[in-house]
Amino acid sequence: MGTTKQCQKKIKGELDNKLQLVAPSREILEELAVNAAKEGTPDATFQYAFCLSKSAEPTELRYAITILDGLVREGYEHQVDCMYGSACALYLLRDYDQARSRCESILRTRPESRLASELHLACIASQEQKEKEDVKKMATIGTVAVAAVGVAGVIASALMKK
């Protein structure tokens with residue numbers, strides 16, 4: 001079991017590095033947006049949305065998901081690529097459950113997909129890491145609350161003695 005967790009963490013680290021390296025520049029996004037608007041073809045729209053799905057901006061990531069999901073609904077021929085782009089955007093938005101669900105859908109139809117498999121494992125590792133962080137936050141909040149009650153009790157008893 002420990003080997004699997006280590007593998008997930010390693011893949012997560014590698015994927016996070018890859019996603020940082022492929023974040024598109026403003027110039028590329030603007031060029032693709034102009035091209036998608038001018039051509040109006042599903043391929044041009046896909047190129048723009050797929051590139052947008054690697055952005056560092058949350059609003060752009062949500063927009064990419066909307067476009068890519070729309071292409072899937074319209075029956076675009078590269079649906080698996082659209083789903084992968086949406087999964088990447090969801091991962092970057094820290095919506096690991098939805099990203100994982102998209103990866104699982106891809107892996108059901110294409111079990112050999114290395115990219116979907118890596119993203120799937122990264123989602124699992126990220127969700128576990130997020131849950132651990134949440135537990136630590138709750139423990140810290142609980143400790144602070146108990147300490148505050150203790151201090152209030154000491155102050156109250158000191159005031160009662162006077």
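Residues numbered from 1 in each chain as written. Predicted model: local features only at pLDDT ≥ 70, side-chain atom pairs only at ≥ 80, totals over all residues. Heavy atoms only, no water.

Below, the discussion takes up the pattern of salt bridges. In the structure shown here, the tally under the stated rule is six salt bridges. Linking E118 and K18 is a salt bridge whose minimum nitrogen-to-oxygen distance equals 3.1 Å. You can see E118 sitting in helix α7 (residues 114-161) and its partner K18 sitting in helix α1 (residues 2-21), a full 100 residues away along the chain. Under the relative-accessibility criterion, E118 is labelled buried at 15%. Look at K18 and you get partly exposed, because its relative accessible area is 37%. For E60, the salt bridge identified is with R26, shortest N-O distance 2.7 Å. Taken together, the positions of E60 in helix α4 (residues 58-73) and R26 in helix α2 (residues 26-39) put the pair 34 residues apart, joining distant regions of the chain. E60 gets classed as buried once you look at its relative accessible area, which sits at 16%. (Salt bridge = Lys/Arg side-chain N within 4 Å of Asp/Glu carboxyl O. Helix = DSSP H or I, 4+ residues; strand = E, 2+ residues; numbered from the N terminus. Buried < 20%, exposed > 50% of the residue type's maximum accessible area, 1.4 Å probe, protein only.)

Across the protein, the average pLDDT comes to 86, with 79% of residues at or above 70. Looking across the protein, the model is least confident in α7, with a mean pLDDT of 71, and most confident in α4, with 97. (pLDDT = per-residue confidence, 0-100.)

Moving on: the environment of S53. Positionally, S53 belongs in the loop between α3 (42-52) and α4. Setting aside its immediate chain neighbours within four residues, S53 contacts L61, A64, L68, G85, C88, A89 and L92. A polar side-chain atom of S53 sits 2.5 Å from the main-chain carbonyl oxygen of F50. (Contact = heavy atoms within 4.5 Å. Polar contact = N/O pair within 3.5 Å; in protein donor to acceptor, adjacent residues only side chain to side chain.)

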